Amino acid sequence: MPPFGSVTGSGALASQPHVGLKRRGFIVSAGVVLLSVVTQPLIFGRFVPEAVLVHVGWSVMLLAMALVMRRWGMSIQRASTISGVLSLGALALDILFTGGLSSPLFPLLFALPLIVGVFTPGDLVTVWAIVLLTLVGVVGAAWLADGSPHRITGEVTVFLFMAWVAIYGGKMYRRMRLTECEAGRERLAALERLARSERLRAEAERSHAETERLALMGRLAAGVAHEVNNPLAYVKSNLHFLTEVVREGSPDLEECQRVLDETGQGVLRIQQIVTDLRRFSRETSDGEEHCSVEEALSEAERLASVRLRSLCRVVREVAEDVPRVRLSQRHLVQVVVNLLLNAADALDALEAQPEARRQLCLVTLRARREPGGVLLEVEDNGPGIPDGVLPRLFEPFFTTKAPGKGTGLGLALCREYLARVGGSLSAENRPEGGARFVLHLPEAASS
């Protein structure tokens, strides 16, 4: 039985991979047509010399189509139509040489539109050409056999039914492919919109984070001048003292060494403040997404000390076995500084003399290991969080501060930073008075 793989593909879907597949189909079909000669004894009881020549010529034609497509770039649709018509002619000769209407190959004429429809899905030009030519062949064969109108009508009716199935199937296939292509374009457009939306969301998040960091800098700025002026004052005083001693000509070396040590400590304190502020305000990429809790708390306390020093005492309790956590130091410092400054604002609202308030007010930083990570608590003994505020405390843009005093993003971003690495942040009021913020930080993976 000769195959019709040579008519695979569709001009509407032509592309380099399709052309290559088409050429391979021609070559394979040529080989199968040639090998089908050996089945003639099984089908006809003998070799039919005329049919053998037809099959040889058929194979040569298919190989020629493959060569023409490669060398002269013939379109898939044209190649399908030509090979289909020539294959129909070869099949008609096969039928003629092997018994006409009584040939075992005659039923192939009825199946031919379906075969072509399978191998050329969506290529209606080729299907219609084969249907019309085959219809002529069926009518001619029936007329030559006995010319009976009843015989011709029966053969044509059966054939038209098979042709209708082939044509309708081709149309449905084309519609399905067009629908699939449209759905693919819509998916790509949706993915592009999603990617653009994600980029905008990431940019907005970075903008909010930058805004909040600068807002924290603004809240720190009020205490920076005082914090820098204190060491600067005794640096200037010590330099004046050293100048006078040098002028007198009889310096006390031990006293001068002590004064120089104090001066160096003052300069280092100023340098530390400036370094911390510059590092905190600068937008940097997080190279390492893990940090030491002890180091982060120390940096956060130094930064917040410009605001806390005149308000309260700060106590830091960090257990020795606290592991590194899965959060960048920049983000953990920002979270803790935000909580410390919120505590400072709450303590500042207490009605008491500054010195008395500093003795009474306390902020505690407490960290200890827990299963899977670290439990970090930031608490104060201030007035606590009002019951009406507590449920909305982490909502973006919600703030109880006066206009211009806060962005309403601080706590929302703090919770987002922790949630991103699998941690959490919650708030509660202490039974003995004051607020407590509880952070659960996941342990960093061991390298």
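Just above sits the structure.
Reading the values: rules and limits
What you see as residue numbers is a count from 1 along each chain, following the sequence as written. The predicted origin of the model limits local features to residues at a pLDDT of at least 70 and limits the giving and counting of side-chain atom pairs to 80 or more, whereas totals for whole chains, interfaces and linings rest on all residues. Just so you know, side-chain values use all the structure's heavy atoms and leave hydrogens and water out. In this text, buried Ala, Val, Leu, Ile, Met, Phe, Trp, Tyr and Cys residues form a nonpolar core when linked through side-chain atoms within 4.5 Å. Only protein chains enter the calculation, and the probe is 1.4 Å; a residue is then buried if its accessible area is under 20% of its type maximum, exposed if over 50%, and partly exposed in between. Starting at the N terminus, helices and strands are each numbered in turn, a helix being any DSSP run of H or I of at least four residues and a strand any DSSP run of E of at least two. Residue contacts follow a heavy-atom distance rule, with two residues in contact if any of their heavy atoms lie within 4.5 Å. Axis geometry follows a simple rule: fit a line to the C-alpha atoms, using only the stretch in contact for helices, then measure angles between N-to-C directions, giving values from 0 to 180 degrees. Left-handed describes a crossing whose near helix is turned anticlockwise from the far helix by less than a right angle; the clockwise case is right-handed. Two strands pair under a simple rule: DSSP has to find at least two bridges between them.

A.B. asks: So what's going on with the nonpolar core? Residues and values would help.
C.D. replies: Ranked by size, the top nonpolar core spans 48 residues in total, and within it Leu332 and Phe437 carry the most contacts. Looking at this core, the elements with two or more residues in it are α9 (293–308), α10 (329–348), β2 (362–370), β3 (373–380), α12 (410–420), β4 (424–429) and β5 (435–442). Counting residues per element, this core draws most heavily on α10, at 11 residues. When near neighbours in sequence (up to four residues on either side) are disregarded, Phe437 contacts Leu339, Leu376, Glu377, Val378, Ile385, Leu393, Phe394, Leu411, Leu425, Ser426 and Ala427. Of all hydrophobic cores here, the second largest spans 18 residues; its members include Ile95, Val131, Ala163 and Ala166.

A.B. asks: Lay out the packing of α10 against α12 in plain terms, naming residues and giving numbers.
C.D. replies: Packing of α10 against α12 leaves a shortest axis separation of 10 Å and a crossing angle of 145 degrees. Relative to α12, the crossing made by α10 is left-handed. Contacts between α10 and α12 involve His331, Gln334, Val335, Asn338, Leu339 and Asn342 on the former and, on the latter, Gly410, Leu411, Cys414, Tyr417 and Leu418.

A.B. asks: How would you sum up the sheet that holds β2? Please name residues and give values.
C.D. replies: What the 5 strands build is an open sheet, ordered β1-β2-β3-β5-β4; its pairing is mixed. Only two strands of the sheet have a single neighbouring strand rather than two, namely β1 (313–318) and β4. Looking at each pair of strands side by side, their axes are set apart by 15 degrees on average, direction ignored. Relative to β5, β3 is paired through 7 bridges, and the arrangement is antiparallel. Bridge pairing in β5 places Glu377 opposite Val438. Its contacts with the sheet put α9 on β1, β2 and β3, and the angle it makes with β1 is roughly 175 degrees. Across the sheet, α12 lies against β4 and β5, angled at about 135 degrees from β4, the strand it touches most.

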